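# What the coordinates show
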Amino acid sequence: MTSTFLPDKRSGPDVGLPSPAADTGRGRARRRALHWLTAVGFQVPALVLFGALVLLPMLFALYASFFRWGGFGMPEDYVGGDNFTRLFEDPVFLGDLWRCLVLVLLSLALQLPFALALAVALNQRIRGRAVYRMLFFAPYILSEAITGVLFGMIFAPDDGLADHALGAIGLDGVGGQWFADPSTVMATLFLVMTWKYFGFHMMLYLAGLQSIPAELTEAALIDGAGPWQRFRHVTLPLLAPTLRISVFLSVIGSIQLFDLVWVTTAGGPDHHSETMAVTLFQHGFKRYQVGYASAISVAMFAISLVFALAYQRFVLRRDLEGATTTLRGGGS
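Residues numbered from 1 in each chain as written. Predicted model: local features only at pLDDT ≥ 70, side-chain atom pairs only at ≥ 80, totals over all residues. Heavy atoms only, no water.

You'll find the protein entered in an unreviewed UniProt entry as Sugar ABC transporter permease, with Streptomyces aurantiogriseus given as the organism. According to its UniProt record, the protein has this under Sequence similarities (unreviewed entry): "Belongs to the binding-protein-dependent transport system permease family." UniProt, in the comment section headed Subcellular location (unreviewed entry), describes the protein in these words: "Cell membrane". (UniProt positions renumbered as here; feature names shortened; annotations may be inferred.)

Below is the structure:
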């Protein structure tokens, strides 16, 4: 009787070895884990610095705002919300809010339109436009301290360049106490702010203008649209995202304005040019009322945060939705 040998399908050199599919799955998981570890490794130093230099000071300022504290030792004299109640009873802080609003409105009504007009002009094919762009952007490169010292000398009473220039053209009575007169200090300060920051917004607008396809403007020109119609119906709508970012930066900058004011006027005369940041500095580092200064910092943060969230929700919504849609489309 003969028997037929049938080889066992389980035998052979491949028994006990992982299947290619399983090996591929484990390799993919390993690579994914390695990618995550690499990403986390790059992010940890930045997160540690951000936490130590931003988050922890913010949390400590919130904690200190509930104490009457001079800045030495640990806060112990708990006063609850008295510092925040004091804010809205303090005429200086209420004046800071009003001056902040004035600066915001002046920036939106004068500074940004001026920067936009210059950007549109310098976007044309004119001789020497690169030189003009450099000259108009140069003030933004200077530090606020240098700008403050420079304009402190220009607007020095009776001896500054501004008074001499006005006297040379027969307008001696127009000049005078630029930074020292309560009736002129805010207008003078806004003039300095405009000189310092309009170049930054002008460059933003130039970048936005250069991203507009020339074919659209040429098509409007062929259709018979004049310069104002082309600007109103072609340029302005396509420049709207850049305008919205510019407005956001201008408002936040007005809320947090400090160094330019401190160098030029230190908040004077008699608090007439003081901002929230200057008031914070005065109480925190001059009077050692760190608890109250912390409350001011919390109020500034809250105002900035509320504005940023509202602006993102109601103004930047379309821009953010477009970016999200683009990212999703690119990833599919």
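Another point: the pattern of salt bridges. The tally for this structure, following the rule as stated, stands at three salt bridges. For Asp 96, the salt bridge identified is with Arg 99, shortest N-O distance 2.8 Å. Of this pair, Asp 96 and Arg 99 are both found in helix H3 (residues 91-122), three residues apart, which corresponds to roughly one turn of the helix. Since its relative accessible area comes to 1%, Asp 96 is described here as buried. Overall, Arg 99 belongs to the buried group, its relative accessible area being 12%. (Salt bridge = Lys/Arg side-chain N within 4 Å of Asp/Glu carboxyl O. Helix = DSSP H or I, 4+ residues; strand = E, 2+ residues; numbered from the N terminus. Buried < 20%, exposed > 50% of the residue type's maximum accessible area, 1.4 Å probe, protein only.)

A cluster of basic residues, Arg 26, Arg 28, Arg 30, Arg 31 and Arg 32, forms a positive patch on the protein surface. Note that Arg 28 resides in helix H1 (residues 20-64). When its relative accessible area of 43% is taken as the criterion, Arg 28 is described as partly exposed. (Patch = residues over 30% accessible without salt bridge, like charges linked within 9 Å, V, L, I, M, F, W, Y side chains within 5 Å. Areas by Shrake-Rupley, 256 points an atom, 1.4 Å probe, with all protein chains shown as cover. Lys, Arg positive; Asp, Glu negative; His and termini not counted. Charge placed at Lys NZ, Arg CZ, Asp CG, Glu CD.)

Tallied over the full model, the rule gives 24 aromatic pairs. Seen in terms of ring centroids, Phe 151 and Phe 155 are 5.9 Å apart; in terms of plane orientation they differ by 25°. Their pairing is stacked. We note that Phe 151, like Phe 155, is buried. Residues Phe 258 and Trp 262 carry aromatic rings whose centres are separated by 6.0 Å and whose planes lie at 20° to one another, so their mutual orientation is stacked. The partly exposed category is assigned to Phe 258, whose relative accessible area is 25%. Through a chain of ring-to-ring contacts, three or more aromatic side chains come together here, namely Phe 60, Tyr 63, Phe 67, Trp 69 and Tyr 78. (Phe/Tyr/Trp six-rings, centres within 6.5 Å; stacked < 30°, edge-to-face > 60°.)

Before going further, it helps to examine the UniProt feature "transmembrane region" (unreviewed entry) in the protein. Here, the residues flagged by UniProt with the feature "transmembrane region" (unreviewed entry) are residues 36-64, 101-122, 134-156, 176-195, 238-258 and 290-311. The annotated region residues 101-122 carries 100% helix and 0% strand content, and the separation between its end C-alpha atoms amounts to 31 Å. With 86% helix and 0% strand, residues 238-258 has its two end C-alpha atoms placed 34 Å apart.

Right, let's talk about the packing of helix H5 (residues 144-154) against helix H7 (residues 185-210) for a bit. For the pair H5 and H7, interaxial distance at closest approach is 11 Å and the crossing angle is 140°. Between H5 and H7, the interaxial angle falls into the category oblique. Of the two possible hands of crossing, H5 and H7 adopt the one that is right-handed. Contacts between H5 and H7 involve Glu 144, Thr 147, Leu 150 and Phe 151 from the former and Val 192, Trp 195, Lys 196 and Tyr 197 from the latter. (Axes fitted to C-alpha atoms, helices over the stretch in contact; angles between N-to-C directions. Parallel < 35°, antiparallel > 145°, perpendicular 65-115°, else oblique. Left-handed = near helix turned anticlockwise from the far one by under 90°. Contact = heavy atoms within 4.5 Å.)

Relative to the helices and strands, Lys 196 is located in helix H7. The buried category is assigned to Lys 196, whose relative accessible area is 1%. Within polar-contact distance, the side chain of Lys 196 engages the backbone oxygen of Tyr 140 at 3.0 Å. Excluding anything up to four places from it in sequence, Lys 196 contacts Pro 139, Tyr 140, Leu 142, Ser 143, Glu 144 and Thr 147. (Polar contact = N/O pair within 3.5 Å; in protein donor to acceptor, adjacent residues only side chain to side chain.)

Take the nonpolar core next. Within the largest apolar cluster, 18 residues are counted, with the highest numbers of intra-cluster contacts made by Leu 103, Phe 155, Val 192, Met 193, Leu 257 and Leu 260. Listed by contribution, the elements that provide at least two residues to this core are helix H6 (161-168), H7 and helix H10 (259-264). A per-element tally of this core places H7 first, with seven residues. (Core = buried A, V, L, I, M, F, W, Y, C linked by side-chain atoms within 4.5 Å.)

The subject of this paragraph is the packing of H3 against H7. Helix-helix packing is characterised by the crossing angle of the two axes and by the distance between the axes. For the pair H3 and H7, the least separation of the axes is 7 Å and the interaxial angle reads 45°. Our classification of the angle between H3 and H7 gives oblique. Along this stretch, H3 crosses H7, giving a crossing that reads as right-handed. Considering only residue class, the contact of H3 with H7 consists of 20 nonpolar, four polar and one charged. (Nonpolar A, V, L, I, M, F, W, Y, C, P; charged D, E, K, R; others polar.)

As a further point, take helix H11 (residues 276-286). Of all eleven residues that make up H11, eight are buried, and the element is covered over most of its length. Here H11 has its buried residues at Met 276, Ala 277, Val 278, Thr 279, Leu 280, Gln 282, His 283 and Gly 284. Tucked inside the fold, the buried residues of H11 contact helix H2 (82-87), H3, helix H9 (227-255), H10 and helix H12 (290-314). At the C-terminal side of H11, Tyr 288 shows a positive phi close to 55°.

Residue placement: His 201 occurs in helix H7. When its relative accessible area of 5% is taken as the criterion, His 201 is described as buried. Setting aside anything within four residues of it in sequence, one finds His 201 in contact with Gln 111, Leu 112, Ala 115, Ser 246 and Ser 250.

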